[in-house]
Amino acid sequence: VMKLNPQQAPLYGDSVITVQLTEEDKVEDDVVFYLVFTGSTVQHCTSTRKINPGSLETISPGHDCCETVKVALCASREGHPVLVVAEESFQFVQDEAYDAAQFLATCAGNQQALNFTRFLDRSRPPAADVDFLDEKVALAFRHLKLPAEWNVLGADQSLTENIPRETLMHFAVRLGLLRLTWFLLQQPGGRGALSIHNNEGATPVSLALERGYQKLHQLLTEEEAREPDSWSTLSHTVHSGDYSVKHHRGLDVYLLTAEA
């Protein structure tokens, strides 16, 4: 038996999982441990790093649907066959950040919904919460399978730029969400949104200035602006056919995902 902590992760993954080993699994240094997550259509294999003789650490993979999967702890040692030493179940869930990302993605051009996000702004969360929200929602947004025609300004591209309106970019800037702003800038319509005025005549750029968000203002106006530091910048993913390999530099953990 092994203990996984936590026993669930959001669909977009990228959270730390600790694996507590039982007495008999605390083995010599030359044993390498892997976790294999088997879902209904996708399988993931992650490397681990030893924290101490009795516990390992890894990164949860991003999964394709909410479900309970089987996790096998495998031990490998040079010259020996790979052994499955323990099994446990693990749940992938849709959390609030994922709900928020989905809501924002679907309401890109919806003025009523965007005005609701302005209402939210009046009860401004503390800075630490904003940072947490920014990190999680940006991670979730990356994981969404956005339709090919998705646009930051919504589906109706016939709207000319002169019509005053709220955009997702106004929302992200107003709350000071650096990482989400960066993500939106890379999407179709992201740069175009920067010059759109809302009903008060504010553009996302002028909002950043007015609120004193210096870093955010730089991100929007400087050509060489770099991606803000975040958990996801520590990850590098390579896709090849039905496979993807991700390296998380922070923990030096590798994740292989394959369609089952």
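As recorded in an unreviewed UniProt entry, the chain goes by the name AKP13 protein, listed as coming from Cephalopterus ornatus.

Novice: Would you take a moment to explain the overall build of the chain for this structure?
Specialist: Counting its regular elements, the chain contains eight helices and 12 strands. For the C-alpha atoms alone, the extent of the chain along its principal axes is close to 70 × 35 × 35 Å. Per-residue burial for the chain yields a buried fraction of 47% across its 260 residues. Within the chain, contacts between residues separated by at least 24 positions form 64% of all contacts whose residues are at least 6 apart in sequence. Carbon and sulfur atoms make up 52% of the accessible area of the chain, which amounts to about 13800 Å² in all.

Novice: When you look at the sheet that holds strand E5 (residues 42-47) in this model, what are you seeing that I'm missing?
Specialist: Pairing between the strands of a sheet is mediated by backbone hydrogen bonds and can be parallel or antiparallel. Pairing in this open sheet of eight strands is mixed, and the strands run E2-E9-E8-E4-E5-E12-E11-E10 from one edge to the other. The outermost strands of the open sheet, each flanked by one partner alone, are strand E2 (8-10) and strand E10 (235-240). The mean inter-strand angle of the sheet, taken between neighbouring strand axes irrespective of direction, is 25°. Across five bridges, the pairing between E5 and strand E12 (residues 253-259) is antiparallel. By the bridge assignment for E12, Cys 45 is matched with Leu 256.

Novice: Can you walk me through the domain arrangement of the chain in this structure?
Specialist: Frequently, the measure chosen for interface size is the accessible area that the parts lose on association. Domain boundaries assigned for the chain yield domain 1 (3-94 + 235-259) and domain 2 (96-226). The straight-line distance from the C-alpha centre of domain 1 to that of domain 2 is 34 Å. Tallying the contact residues gives six residues for domain 1 and nine residues for domain 2. Both sides of the domain 1 and domain 2 interface together cover about 720 Å² of buried area, and 61% of this is carbon and sulfur. A per-residue breakdown of the area domain 1 buries against domain 2 is headed by Tyr 12, Asp 14 and Gln 94, which together make up 77% of the total. The interface formed by domain 1 and domain 2 holds zero salt bridges in total. Scanning the region where domain 1 abuts domain 2 turns up four residue pairs in polar contact (both at pLDDT 80 or more).

Novice: So what exactly am I meant to see when it comes to the pattern of salt bridges here?
Specialist: Close approach of charged atoms lets side chains of opposite charge pair. Tallied over the full model, the rule gives nine salt bridges. With a closest N to O distance of 3.9 Å, Glu 87 and Lys 70 form a salt bridge. Within this pair, whereas Glu 87 is found in strand E9 (residues 83-93), its partner Lys 70 is found in strand E8 (residues 67-76), the two being separated by 17 residues in sequence. Residue Glu 87 is classed as partly exposed on the basis of its relative accessible area, which comes to 46%. Beyond isolated ion pairs, a larger network of salt bridges with shared partners links Asp 131, Asp 134, Glu 135 and Arg 179.

Rules used in this analysis
- Residues numbered from 1 in each chain as written.
- Predicted model: local features only at pLDDT ≥ 70, side-chain atom pairs only at ≥ 80, totals over all residues.
- Heavy atoms only, no water.
- Helix = DSSP H or I, 4+ residues; strand = E, 2+ residues; numbered from the N terminus.
- Buried < 20%, exposed > 50% of the residue type's maximum accessible area, 1.4 Å probe, protein only.
- Contact = heavy atoms within 4.5 Å.
- Areas by Shrake-Rupley, 256 points an atom, 1.4 Å probe, with all protein chains shown as cover.
- Pairing = 2+ DSSP bridges.
- Axes fitted to C-alpha atoms, helices over the stretch in contact; angles between N-to-C directions.
- Domains from an automatic or database assignment.
- Buried area = accessible area lost by both parts, 1.4 Å probe.
- Salt bridge = Lys/Arg side-chain N within 4 Å of Asp/Glu carboxyl O.
- Polar contact = N/O pair within 3.5 Å; in protein donor to acceptor, adjacent residues only side chain to side chain.

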